[in-house]
Amino acid sequence: MRKVLLVLTIAFVIFNSQLIFAQLQGQAIVDSLLKELPKMKEDTNKVSLLQMMSFQYNSLDPELGVKYGHEALDLAQKLGWQIGIAKSYNSIGGNLFALGNFDEALENFKKSLKLNEENKDSLEI
């Protein structure tokens with residue numbers, strides 16, 4: 001019985017340390033993206049950066065992920081960049097799903113799918 005408990009304890013510690021490492025790595029990526037954000041022009045590259053931030057925040061802080069997803073969506077709409085709009089809806093949906101807002105997440109995924117189908121973007125469908 002002690003061996004089983006010891007093995008479970010070791011497995012738990014290893015799992016948690018990997019989870020913490022992944023979160024620290026994700027935070028490091030977000031920190032580097034945040035440094036670049038003020039330097040960006042209002043173009044498709046900034047939309048892509050905001051989408052990357054939204055994606056990274058999915059596991060760190062989905063509410064911030066939604067925020068950056070909406071920023072990406074707003075800029076993509078301002079630029080008229082359909083692929084960026086579709087990807088933004090997708091990243092917003094992923095963060096809403098992580099928050100447990102399944103109905104709202106589904107609506108965003110549907111919008112993304114519709115735009116990807118219209119643009120014949122088979123990589124995103």
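Now for a quick tour of the structure. (Residues numbered from 1 in each chain as written. Predicted model: local features only at pLDDT ≥ 70, side-chain atom pairs only at ≥ 80, totals over all residues. Heavy atoms only, no water.)

1. A short note on the overall build of the protein
Of the regular secondary structure elements, the protein holds 5 helices and 0 strands. In sequence order, the protein lays out its α and β elements as α-α-α-α-α. The proportion of buried residues among the 125 residues of the protein is 31%. Long-range contacts, defined as pairs at least 24 residues apart, comprise 51% of the intrachain contacts of the protein with a sequence gap of at least 6. For the protein, the computed accessible surface area is about 8300 Å², with 62% contributed by carbon and sulfur atoms. (Helix = DSSP H or I, 4+ residues; strand = E, 2+ residues; numbered from the N terminus. Buried < 20%, exposed > 50% of the residue type's maximum accessible area, 1.4 Å probe, protein only. Contact = heavy atoms within 4.5 Å. Areas by Shrake-Rupley, 256 points an atom, 1.4 Å probe, with all protein chains shown as cover.)

2. Concerning the packing of aromatic side chains
Summed over the entire model, instances satisfying the criterion amount to 2 aromatic pairs. With 5.7 Å between their ring centres and 5° between their planes, Tyr57 and Tyr68 make a pair best called stacked. Taken together, the residues Tyr57 in helix α2 (residues 44–60) and Tyr68 in helix α3 (residues 62–79) connect sequence positions 11 residues apart. Judged by its relative accessible area of 7%, Tyr57 falls in the buried class. Residues Phe97 and Phe102 carry aromatic rings whose centres are separated by 5.0 Å and whose planes lie at 65° to one another, so their mutual orientation is edge-to-face. Sitting over the face of the ring of Tyr68, Lys67 holds its NZ or CZ atom 4.2 Å from the ring centroid. (Phe/Tyr/Trp six-rings, centres within 6.5 Å; stacked < 30°, edge-to-face > 60°. Lys NZ or Arg CZ within 6 Å of the ring centre and 35° of its normal.)

3. Quick notes on the side chain of Ser88
With respect to the secondary-structure elements, Ser88 resides in helix α4 (residues 82–99). For Ser88, a relative accessible area of 0% translates into the label buried.

4. Observations regarding the side chain of Ser91
Turning to its location among the elements, Ser91 is positioned in helix α4. A polar contact of 3.5 Å, which involves the side chain of Ser91, links it to the side chain of Ser54. Apart from residues no more than four positions distant in its own chain, Ser91 is found in contact with Ser54 and Gly69. (Polar contact = N/O pair within 3.5 Å; in protein donor to acceptor, adjacent residues only side chain to side chain.)

5. With respect to the layout of surface pockets
As a volume, the largest pocket reaches approximately 200 Å³. If you trace the largest pocket, you find 12 residues lining it, with Gln51, Phe55, Lys87, Asn90 and Ser91 closest to the centre. Of the residues belonging to the lining of the largest pocket, the class tally is 2 nonpolar, 8 polar and 2 charged. (1 Å grid on protein atoms, 1.4 Å probe; cavity = no way out; pocket = protein on both sides within 12 Å on 5 of 7 lines; lining within 4 Å. Points joined across faces, edges and corners; volume = space filled by probe spheres on them. Nonpolar A, V, L, I, M, F, W, Y, C, P; charged D, E, K, R; others polar.)

6. Here's the deal with the nonpolar core
Nonpolar side chains tend to gather and get buried jointly when the protein is soluble and globular. Grouped together as the largest cluster of nonpolar side chains are 21 residues, with contacts concentrated most on Leu37, Met53, Tyr68 and Ile85. Mapped onto this core, the elements with two or more residues apiece are α1 (2–36), α2, α3, α4 and α5 (102–118). Looking at this core element by element, the count peaks at 6 residues for α3. With residues up to four places along the chain from it excluded, the contact list for Leu37 reads Lys46, Leu49, Leu50, Met53 and Tyr68. (Core = buried A, V, L, I, M, F, W, Y, C linked by side-chain atoms within 4.5 Å.)

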